[in-house]
Each structure stands twice: as C-alpha cells, then as structure tokens.
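Close look at the chain arrangement
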Amino acid sequence: MNPIKLMQSRFGGHAFKLGRGKASDENLPDDQSLDNLLDNYAINADGFSYLSSYEMKPEFMGSYEKLPLKAVKLAEIYHVYTEMMLQFEVFTTSVVYLAQLKYNNVYAVFIKTDLEPINDVFGIDEHEDPTYDLVLIVQAGVKDADELKKRMTRFIEVCLLTLFYEMNIYDPDVTPSKTYLGKKIDVAILEAQIKEFNPYQKLEEFISAIKF
C-alpha cells in the first residue's frame, strides 16, 4: 500500500500517542457497532450528529475499493491537500459521494482523493487506483423519510460543510455533479457559508455555528 495513505489525517495519520498507537484509535469502544457509536460517541450539533474518522476511526470506516451500489456522486472539489504537513501548498482533487446507511436518516460520506500530486512531492513512482474512503457518517435529527427528502438540500450542505471542516480546507473549488443530489448544491450559497470558517476554529465553535 502507498505509505501516503497510511499517513493521512483522515485515518489518524501522523498523530501518534506514545504507547497507544494512532490518536484516532485511542478512544474506540469494544462495541464498535454503528448503533452504539451513533448513540454514545457521535459529535452532536444542532439538528444532526456525526462520526468522523479524523476524530475516531472504527473498524468499518476506512478505505474501500468499491462504493456501495446506492452511493451517489455529490461533487468534485479542487483543494489544498492538508492531510499531511508539507513545506508548500499542493493542490489535488477529491470526489465526494453520499450513500444511505442502514437507516433513513443516516448517510455515509465517501471521498476519493487523487494522490498523484502528493506522490510527486515525495518522489513515489507508484500508481495505485484511488480508494473510496469512508470518513464521515452523518445522522439527521429528522427520522421521517419524506421530511428528510424535503430538506435534503440543506442536509447535503451540512454534510459538505462538515467534511470541509474535518478535512481542514477553507477555500475549495466545488463543482457539483450532474446527479439528482449534485443538482441540489447551490455553489454560491455553499461558498458563502465556507467563508465563515477559519483555520483556528475549534470544534465547539463549528458545531454551534452550523445548523440543520
């Protein structure tokens, strides 16, 4: 496996704690079921909650060679690669996908990042097909399927804003997909909300500012 993948912050990356391994593994419970994690370990915000592999990576989050059959492409984002500390800015492209997960109001967010520009920085002459990385699971406070469908535009915004916050990117170039979900993205509205972010924003400040 490309060593760059293992060092990314989306999987605990280079944040190691002496004698305890990756920081994202430290607080994992014995029961890593989706229900237990959502009920007891999710980050709670106004109208939604989420699990992030950047904070804690349970067994079912990580890299997949294939997407779930029902996954839908949301957008492509061109952004500064921030998952490793580099001496200069390197830009790459990530593709974002959304897939319903077990319940009507629970969705998985997958990203597929092109690592070739990062490989070039480290002189890694190795080609691997990009993986689909499950990095977020977002649970809407609305359980009724019809009600959530009506509010899906805002839910997608919440998913993307949360993803950008966790990825630590603040000026992405977002190109919505032509899928039925991608067409719900209003880039102008999304960018206006992104501008409210700042690199020094604490988690508590982020979740108090974003609402579903």
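Note that the structure is predicted; figures quoted are calculated from it, not measured.

This brings us to the overall build of the protein. For the protein, the helix and strand inventory stands at 7 helices and 10 strands. Out of the 212 residues in the protein, the part that is buried amounts to 47%. In the protein, the share of contacts with a sequence separation of at least 24, taken over all contacts with a separation of at least 6, comes to 69%. By element, 50% of the accessible surface of the protein is carried by carbon and sulfur atoms, the whole surface being about 11300 Å².

Let's shift gears to the packing of helix α5 (residues 152-167) against helix α6 (residues 187-194). Following both chains from N to C, one finds α5 and α6 inclined at 40°, their axes separated by 11 Å at the closest point. Accordingly, the angle class assigned to the pair α5 and α6 is oblique. Note on packing geometry: the crossing formed by α5 with α6 is right-handed. Of α6, the residues touching α5 (which contributes Arg 154, Glu 157, Leu 160, Leu 161 and Phe 164) are Ile 189, Leu 190, Gln 193 and Ile 194. The residue inventory of the contact of α5 with α6, partitioned by class, reads 6 nonpolar, 1 polar and 2 charged.

Glancing now at α6. Taken residue by residue, α6 has Leu 190, Gln 193 and Ile 194 as its buried positions. Looking down the long axis of α6, one finds its buried residues gathered within 105° of arc, a one-sided arrangement. Of the surrounding elements, those touching the buried residues of α6 are α5 and β10 (173-176). Capping the start of α6, Asp 186 holds a side-chain oxygen 3.1 Å from the backbone nitrogen of Ala 188, two or three residues further along.

With that out of the way, let us pick up the confidence of the model for the protein. In the predicted model, the protein carries a mean pLDDT of 84, and the fraction of residues at 70 or more is 81%. Looking over the protein, one finds the lowest element-wise mean pLDDT in strand β1 (residues 16-17), namely 39, and the highest in β10, namely 96. Note that residues 13-24 has pLDDT below 50 and, in this model, 27 contacts with residues that lie over four places away or in other chains.

Next up on the list: α5. Across its 16 residues, α5 extends 22 Å between first and last C-alpha, which sits within 8% of the 22 Å expected from 1.5 Å per residue. Among the 16 residues that make up α5, 14 are buried, leaving the element largely enclosed by the rest of the structure. Just past α5, the residue Asn 168 takes up positive phi, approximately 65°.

With that settled, consider the pairing of strand β7 (residues 91-101). Sheet topology note: the strand β6 (residues 72-80)/β7 ladder contains 8 bridges and is antiparallel. Within β7, the residue paired with Lys 73 across the bridge is Tyr 97. As judged from the 8 bridges shared by β7 and strand β8 (residues 103-113), these two strands associate in the antiparallel manner. From the neighbouring strand, Ser 94 faces β8, where its bridge partner is Thr 113. A loop of 1 residue connects β7 with β8, the two strands running antiparallel in sequence, and Lys 102 in this loop sits at a positive phi of about 70°.

Rules of the game
Residues numbered from 1 in each chain as written. Predicted model: local features only at pLDDT ≥ 70, side-chain atom pairs only at ≥ 80, totals over all residues. Heavy atoms only, no water. Helix = DSSP H or I, 4+ residues; strand = E, 2+ residues; numbered from the N terminus. Buried < 20%, exposed > 50% of the residue type's maximum accessible area, 1.4 Å probe, protein only. Contact = heavy atoms within 4.5 Å. Areas by Shrake-Rupley, 256 points an atom, 1.4 Å probe, with all protein chains shown as cover. Axes fitted to C-alpha atoms, helices over the stretch in contact; angles between N-to-C directions. Parallel < 35°, antiparallel > 145°, perpendicular 65-115°, else oblique. Left-handed = near helix turned anticlockwise from the far one by under 90°. Nonpolar A, V, L, I, M, F, W, Y, C, P; charged D, E, K, R; others polar. Arc of directions from axis to C-beta. Polar contact = N/O pair within 3.5 Å; in protein donor to acceptor, adjacent residues only side chain to side chain. pLDDT = per-residue confidence, 0-100. Expected span 1.5 Å × (residues − 1). Pairing = 2+ DSSP bridges.

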